[in-house]
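Each chain, written out:
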Amino acid sequence: MAKGFAVLNPMNDFTAFRAAVLRFADDGTALHETDGLLVVSTNDVGRCVVHAVGDYCVLIGQYANLPVQHFPNHLIAPGFVDMHIHYPQTDVIGSPADGLLPWLENYTFPHEARFADEAYAASVADFFLDELLRNGVTTALTFGTSHPQSVHAFMRAAQARGLRMMAGKSLQDRNSPDGVRDQTEQSLIDTETLIRQWHGKDRLGYAITPRFAPSCSDAQMHGAGELAARYPDVWIQSHVAENKDEIAWAAQLYPKARSYLQVYADFGLLRPRAVYAHCIHIDADDRALLRDTGTAAAVCPTSNLFLGSGFFDFAAARQSGFLHGLASDVGGGTSFSPFHTMRAAYCAGREGQTKPGISLSPQKLWWQHTAGAAAALGLGGVVGNLLPGSEADFVVLNPQATPLLARKTEAANSLDEWLFAFIMLADDRAVVKTVVAGEARD
Ligand code: GUN
Ligand code: ZN
């Protein structure tokens, strides 16, 4: 068990929280109460969900006898959702390299080889999950390594914390060094065993995880596609079109495919709940393919900046209408903090645009790391928002966490300015509580 669990309501019935509240309408616009009330309760399948949310003065009459935890001058907001991260790369953060391929070869693969040791994997999983929670992230889709025991260790740690998390064993039977290369047939058997053991258990989900097309043989990709068809509500996660050298390599390995993304389509690996990290160097046909198959892109701005990979084109994504949201991509990414990711997305959003102009709005950035990310993962209405019926995972944020944040939030003239101050200036110091299924984890 992680440290610091505090059961807020031993009756496991109704609990109320009072503070400013941020949530999102279906179109991604922010709904904001300056003095709000959030009431959570246990539903008929035993899960802690949002029972009611709204203006304090309007709602309190109906909940007059309920003990209320009051956080004056704080903000309650949905727990953040990280669409793409690598828990085994927690200690790879900040490893400098010329670009993606040397970074994988010199730092990432040698480090991931250590996850053959399940005790080591368990210790990293514990640190990783505590770090996510400290930063206000309550749901993530994460890679394991190629070792099935890396997934067992992660799932056990997430289950002990009652978290909604998805993970998968990386498939990589070629172009990978000893220590991380797996065997085609065994890798597919292991994947199916992990699906049966973990997918749908408590709040956990499995993700079929071909690392990227260059690391998977045709037979392994074909097997992954078969599993994806047999288990349609299991996630799929991979990487695509991140780096120019990687793309040239994929084109050499798959000369008949129209594009790198098409390789995955040809193996049946594009569908709802399939999530592709990066999607930087893609064209209009690829965007249409993402949209038409219900596939999502995980945008990883700190990673793209750190590894010099390029800039995701948010305007083209919006125009095409495919699902996309924000992700840290730790350890290519440089921070667990959703504020850092949103900040980098704002800056990268300027650079990636074909026409110069203002980047994403603060509401849009926040939505893409909460309700929008959840919707892109096929978890709309489940997490990432605070609408009645959704699971009670949320954060309590302090606008006065640092002198500069206090000064800037105090001077804000609108909700957009206030949220933008958080995005530009906040970090883990602003996260005073992370609440998972109605229980505070501090
Ligand atoms: N492509 C294949 N593997 C990886 C990885 O671990 N990180 C990133 N950023 N890209 C990849
Ligand atoms: Zn990645």
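For the structure itself, look to the data block above.
Treat the numbers as computed from the prediction; the structure is a model and nothing was measured. (Residues numbered from 1 in each chain as written. Chains lettered and ligands numbered in written order. Predicted model: local features only at pLDDT ≥ 70, side-chain atom pairs only at ≥ 80, totals over all residues. Heavy atoms only, no water.)

Before going further, it helps to examine the packing of helix 12 (residues 338–351) against helix 16 (residues 415–425). The interhelical angle for the contact between helix 12 and helix 16, taken along N-to-C directions, is 100°, at an axis separation of 7 Å. Taken together, helix 12 and helix 16 sit at an angle that is classed as roughly perpendicular. Counting all contacts with helix 12, which are made through Phe339, Met342, Arg343 and Tyr346, the residues of helix 16 involved are Phe420, Phe422, Ile423, Met424 and Leu425. Of the residues assigned to the contact of helix 12 with helix 16, the class counts are eight nonpolar, no polar and one charged. (Axes fitted to C-alpha atoms, helices over the stretch in contact; angles between N-to-C directions. Helix = DSSP H or I, 4+ residues; strand = E, 2+ residues; numbered from the N terminus. Parallel < 35°, antiparallel > 145°, perpendicular 65-115°, else oblique. Contact = heavy atoms within 4.5 Å. Nonpolar A, V, L, I, M, F, W, Y, C, P; charged D, E, K, R; others polar.)

Under the counting rule described, the total for this entry stands at 20 aromatic pairs. With 4.7 Å between their ring centres and 55° between their planes, Tyr264 and Tyr276 make a pair best called tilted. Taken together, the residues Tyr264 in helix 8 (residues 260–266) and Tyr276 in strand 12 (residues 274–278) connect sequence positions 12 residues apart. Tyr264 gets classed as buried once you look at its relative accessible area, which sits at 0%. Pairwise contacts between aromatic rings join Tyr87, Phe115, Tyr120, Phe128, Phe154 and Phe336 into one cluster. A cation sits over an aromatic face here: Arg114 above Tyr120, 4.2 Å from the ring centre. (Phe/Tyr/Trp six-rings, centres within 6.5 Å; stacked < 30°, edge-to-face > 60°. Buried < 20%, exposed > 50% of the residue type's maximum accessible area, 1.4 Å probe, protein only. Lys NZ or Arg CZ within 6 Å of the ring centre and 35° of its normal.)

Tallying each qualifying case throughout the model produces 22 salt bridges. Between Lys169 and Asp182 there is a salt bridge, with the nearest N and O atoms lying 2.7 Å from each other. Of this pair, Lys169 sits in the loop between strand 8 (164–168) and strand 9 (170–171) while Asp182 is found in the loop between strand 9 and helix 5 (184–198), placing the two residues 13 residues apart along the sequence. Of the residues examined, Lys169 reaches a relative accessible area of 0% and is grouped as buried. Of the charged contacts in the structure, one is a salt bridge between Asp286 and Arg258, with a shortest N-O distance of 2.8 Å. Of this pair, Asp286 sits in helix 9 (residues 284–293) while Arg258 sits in the loop between helix 7 (244–253) and helix 8, placing them 28 residues apart in sequence. Given a relative accessible area of 4%, Asp286 falls into the buried group. Put simply, Arg47, Arg164, Arg203, Glu391 and Asp393 are held in one network by salt bridges that share partners. (Salt bridge = Lys/Arg side-chain N within 4 Å of Asp/Glu carboxyl O.)

With that settled, the discussion passes to the nonpolar core. Ranked by internal contacts, the top residues of the largest apolar core, which has 101 residues, are Phe154, Tyr264 and Trp366. Setting aside its immediate chain neighbours within four residues, Trp366 contacts Leu22, Phe24, Leu75, Ala77, Phe80, Phe339, Met342, Leu397, Leu419, Phe422 and Ile423. In terms of nonpolar packing, the next biggest core, distinct from the first, is built from 18 residues, Met83, Ala298, Ala376 and Leu377 among them. (Core = buried A, V, L, I, M, F, W, Y, C linked by side-chain atoms within 4.5 Å.)

Here we come to the coordination of the zinc ion (ligand 2). Geometrically, a metal with four donors at the corners of a regular tetrahedron has ideal angles of 109.5 degrees, and one with six donors at the corners of a regular octahedron has ideal angles of 90 or 180 degrees. Coordination of the zinc ion (ligand 2) by the protein is provided by His84 (NE2), His86 (NE2), His239 (NE2) and Asp329 (OD), with metal-donor distances spanning 2.0 to 2.3 Å. Given four donor atoms and angles of 90 to 164° at the metal, the environment of the zinc ion (ligand 2) is assigned as irregular. One chain supplies every donor to the zinc ion (ligand 2), and in sequence these donors are spaced H-x1-H-x152-H-x89-D. As far as the burial class goes, His84 and His86 line up, both buried. (Donors = N, O, S within 2.8 Å, 3.2 Å for Na, K, Ca; no water. Tetrahedral: all angles 85-135°; square planar, octahedral: opposite > 155°, others 65-115°.)

Our next topic: the site of ligand 1. The environment of ligand 1 is made up of His86, Gln89, Leu100, Trp103, Leu104, Arg211, Phe212, His239, Glu242, His278 and Asp329. Contact between ligand 1 and Gln89: an oxygen atom at 2.9 Å from a side-chain N or O atom of the residue. Residue Asp329 places a side-chain N or O atom 3.0 Å away from a nitrogen atom belonging to ligand 1. Starting from 280 Å² of accessible surface for ligand 1 in isolation, the protein chains cover 100%. Broken down by element, the shell around ligand 1 gets its largest block of residues, three residues, from helix 2 (residues 100–112). Residue classes in the shell around ligand 1 are distributed as four nonpolar, four polar and three charged. (Near = heavy atom within 4 Å. Polar contact = N/O pair within 3.5 Å; in protein donor to acceptor, adjacent residues only side chain to side chain. Areas by Shrake-Rupley, 256 points an atom, 1.4 Å probe, with all protein chains shown as cover.)

With that out of the way, let us pick up helix 4 (residues 148–160). Relative to the 18 Å expected for 13 residues at 1.5 Å per residue, helix 4 spans 19 Å between its end C-alpha atoms, a close match to the ideal helical length. For helix 4, the full list of buried residues reads Pro148, Ser150, Val151, His152, Ala153, Phe154, Met155, Ala157 and Ala158. Buried positions along helix 4 lie against helix 3 (118–134), strand 7 (137–143), strand 8, helix 5 and strand 10 (204–210). (Expected span 1.5 Å × (residues − 1).)

Running from amino to carboxyl end, helix 15 (residues 403–410) crosses helix 16 at an angle of 160°, the nearest separation of the two axes being 8 Å. As far as their axial angle goes, helix 16 and helix 15 are roughly antiparallel. When you trace helix 15 past helix 16, the crossing you get is right-handed. Of the residues in helix 16, those in contact with Leu404, Leu405, Lys408 and Thr409 of helix 15 are Trp418, Ala421, Phe422 and Leu425. Among the residues forming the contact of helix 15 with helix 16, the class breakdown is six nonpolar, one polar and one charged. (Left-handed = near helix turned anticlockwise from the far one by under 90°.)

Right, let's get into the pairing of strand 11 (residues 235–240). Across the six residues of strand 11, six count as buried, placing the element largely inside the fold. Both faces of strand 11 are covered, namely the face carrying Trp235, Gln237 and His239 and the face carrying Ile236, Ser238 and Val240. Judged from the two bridges that link them, strand 10 and strand 11 form a sheet pairing that is parallel. Its bridge partner being in strand 11, Ala207 is matched across the sheet by Trp235. (Pairing = 2+ DSSP bridges.)

Here helix 2 is 13 residues long, yet its end C-alpha atoms lie only 15 Å apart, well below the 18 Å a rise of 1.5 Å per residue gives. Asn106 marks the point of greatest bend in helix 2, at about 30°, and the proline Pro110 comes within the next four residues. Turning to helix 2, the residues buried within the fold contact helix 3 and helix 7. (Bend = angle between axes of the 7 residues up to and from the residue.)

Our next topic: the side chain of Thr90. Note on placement: Thr90 falls in the loop between strand 6 (80–86) and helix 2. A polar side-chain atom of Thr90 sits 2.7 Å from the main-chain carbonyl oxygen of Tyr87. Setting aside chain neighbours within four positions, we find Thr90 in contact with Val124, Phe127, Phe128, Val330 and Phe336.

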